[in-house]
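Chain by chain, the residues:
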Amino acid sequence: MATTLVKTTQDGRKLEVIGLAICLNGELEAFELVEVKMHPNKRAIWTVMPEATHMAGRVALTREEAEIVTAAFRQAEADILASPVAINERFRIAAMWKAREQGIE
């Protein structure tokens, strides 16, 4: 499974795309990007980071960083279509996300 570095946060943690998941310091952060203009806390986000265009979970991203995530997702989806092993990984990630939602982690 390919890992793509998106950025390193101010406190030194790595935000990476691993397959179809966005991970912060190796832990699941999000499965999708949310445009800041559609986010309920957009004013607070723009106050802290005026150049933010997207959110990956709790992490604000610039347009360039969001494009890195989008490109990594496209590549991961292409890999999934070509590989039965990758399909199993997608199910594993989905189960991990469900456990996180239920507070099991």
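Quick caveat, the model's predicted, so the values are computed rather than measured. (Residues numbered from 1 in each chain as written. Predicted model: local features only at pLDDT ≥ 70, side-chain atom pairs only at ≥ 80, totals over all residues. Heavy atoms only, no water.)

What follows deals with helix H2 (residues 63-82). For H2, spanning 20 residues, the distance from its first C-alpha to its last is 29 Å, which sits close to the expected 28 Å at 1.5 Å a residue. All of the buried residues in H2 are Glu65, Ala66, Val69, Ala72, Phe73, Ala76 and Ile80. Seen end-on, H2 carries its buried residues on one side only, within an arc spanning 120°. Projecting away from the buried face of H2 at angles above 90 degrees are the exposed residues Glu64, Arg74, Leu81 and Ala82. Lining the buried residues of H2 we find strand S1 (3-8), strand S2 (14-18), strand S3 (21-24), strand S6 (54-56), strand S7 (59-61) and helix H3 (84-101). (Helix = DSSP H or I, 4+ residues; strand = E, 2+ residues; numbered from the N terminus. Expected span 1.5 Å × (residues − 1). Buried < 20%, exposed > 50% of the residue type's maximum accessible area, 1.4 Å probe, protein only. Arc of directions from axis to C-beta. Contact = heavy atoms within 4.5 Å.)

Turning to the pattern of salt bridges, a few remarks are in order. Using the criterion set out here, one finds five salt bridges in the structure. Here Lys7 and Glu65 are joined by a salt bridge, their closest N and O atoms 3.7 Å apart. Taken together, the residues span a long stretch of sequence, with Lys7 in strand S1 and Glu65 in helix H2 at a distance of 58 residues. Glu65 matches Lys7 in its accessibility class, with the two residues each being buried. (Salt bridge = Lys/Arg side-chain N within 4 Å of Asp/Glu carboxyl O.)

In this structure, Ile18 sits in strand S2. C-alpha of Ile18 to C-alpha of Leu28: the two residues are ten residues apart in sequence and 9.2 Å apart in space. Contacts of Ile18, omitting those with residues within four sequence positions, involve Met1, Ala2, Thr3, Cys23 and Ile93.

What follows deals with the packing of aromatic side chains. Per the stated rule, a full pass over the model turns up one aromatic pair. Geometrically, the ring pair formed by Phe31 and Trp97 is edge-to-face, given 4.9 Å between the ring centres and 75° between the ring planes. In this pair, Phe31 sits in the loop between strand S4 (27-30) and strand S5 (34-35) while Trp97 sits in helix H3, placing the two residues 66 residues apart along the sequence. Among the residues examined, Phe31 registers a relative accessible area of 26% and is labelled partly exposed. The exposure class of Trp97 is partly exposed, given its relative accessible area of 27%. (Phe/Tyr/Trp six-rings, centres within 6.5 Å; stacked < 30°, edge-to-face > 60°.)

Helical geometry: 3.6 residues make up each α-helical turn, so side chains three or four residues apart lie on a common side. In this model H3 runs 26 Å from its N-terminal to its C-terminal C-alpha over 18 residues, within 8% of the 26 Å that 1.5 Å per residue would give. Regarding H3, the residues found buried are Ala86, Glu89, Ile93 and Ala99. Buried residues in H3, looked at end-on, bunch into an arc of 130°, giving them a common side. Residues of H3 that are exposed and angled more than 90 degrees away from the buried face: Pro84, Asn88, Arg90, Phe91 and Glu101. The inward-facing, buried residues of H3 contact S2, S3 and H2. Trailing H3 by a residue or two, Gly103 shows a phi angle of about 80°, which is positive.

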